[in-house]
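Listed here are the chains, written in short residue letters.
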Amino acid sequence: MEARANLRYARISPRKVQIVLDLIRGKDADLAMAILKNTPKAACEPLEKLLGSAMANAENNHNMDKNNLYVAECFVCPGPILKRIRPRAQGRAFRVLKRTSHVTLVLKEKE
């Protein structure tokens, strides 16, 4: 039995999200939440909401015990890239890539 939550089209680079996901992978859900609350990274705020959503899904949809949950899987995939133009010297234009992420978080119950 597993509970999952997805975050799609998050306006943050997948590289930045991956750093934070590596911190919480395999940890208890409560410990993972504490890590996210106390880590000064931009990705922590949306991941905190995502973990809360996954915990609520586990409790309400799958009747799992909230105290026995751990982060079984968490991964990020790149979403669509927003392409923007930045003016540069002598009439040139440089492209700015605004990356997006799709994050998946899976919680399981300890045996």
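Up top is the structure these notes are about.
About the cut-offs
Residues numbered from 1 in each chain as written. Predicted model: local features only at pLDDT ≥ 70, side-chain atom pairs only at ≥ 80, totals over all residues. Heavy atoms only, no water. Core = buried A, V, L, I, M, F, W, Y, C linked by side-chain atoms within 4.5 Å. Buried < 20%, exposed > 50% of the residue type's maximum accessible area, 1.4 Å probe, protein only. Helix = DSSP H or I, 4+ residues; strand = E, 2+ residues; numbered from the N terminus. Polar contact = N/O pair within 3.5 Å; in protein donor to acceptor, adjacent residues only side chain to side chain. Contact = heavy atoms within 4.5 Å. Axes fitted to C-alpha atoms, helices over the stretch in contact; angles between N-to-C directions. Parallel < 35°, antiparallel > 145°, perpendicular 65-115°, else oblique. Left-handed = near helix turned anticlockwise from the far one by under 90°. Nonpolar A, V, L, I, M, F, W, Y, C, P; charged D, E, K, R; others polar.

## Quick look at the nonpolar core
Thought 1: Judged by nonpolar contacts, the single largest core of 28 residues is most densely connected at Val-17, Leu-21, Leu-47, Leu-51 and Leu-105.
Thought 2: Of all the elements in the fold, those that place two or more residues in this core are strand E1 (2–10), helix H1 (14–24), helix H2 (29–38), helix H3 (44–61), strand E2 (69–78) and strand E5 (101–109).

## A closer look at the side chain of Thr-39
Thought 1: Along the chain, the position of Thr-39 falls in the loop between H2 and H3.
Thought 2: Reaching out from Thr-39, the side chain makes a polar contact with the backbone oxygen of Ile-35 at a distance of 2.5 Å.
Thought 3: Residues within four places of Thr-39 in sequence aside, it is in contact with Leu-23 and Cys-44.

## Observations regarding the packing of H1 against H2
Thought 1: Running from N to C, H1 and H2 cross one another at 140 degrees; their axes reach a closest spacing of 9 Å. Classed by the angle they form, the pair H1 and H2 counts as oblique. H1 and H2 meet at a crossing whose hand is right-handed. Every residue of H2 that contacts H1 at Val-20, Leu-23 and Ile-24 is listed here: Ala-32, Ile-35 and Leu-36.
Thought 2: Of the residues contributing to the contact of H1 with H2, the split by class is six nonpolar, no polar and no charged.

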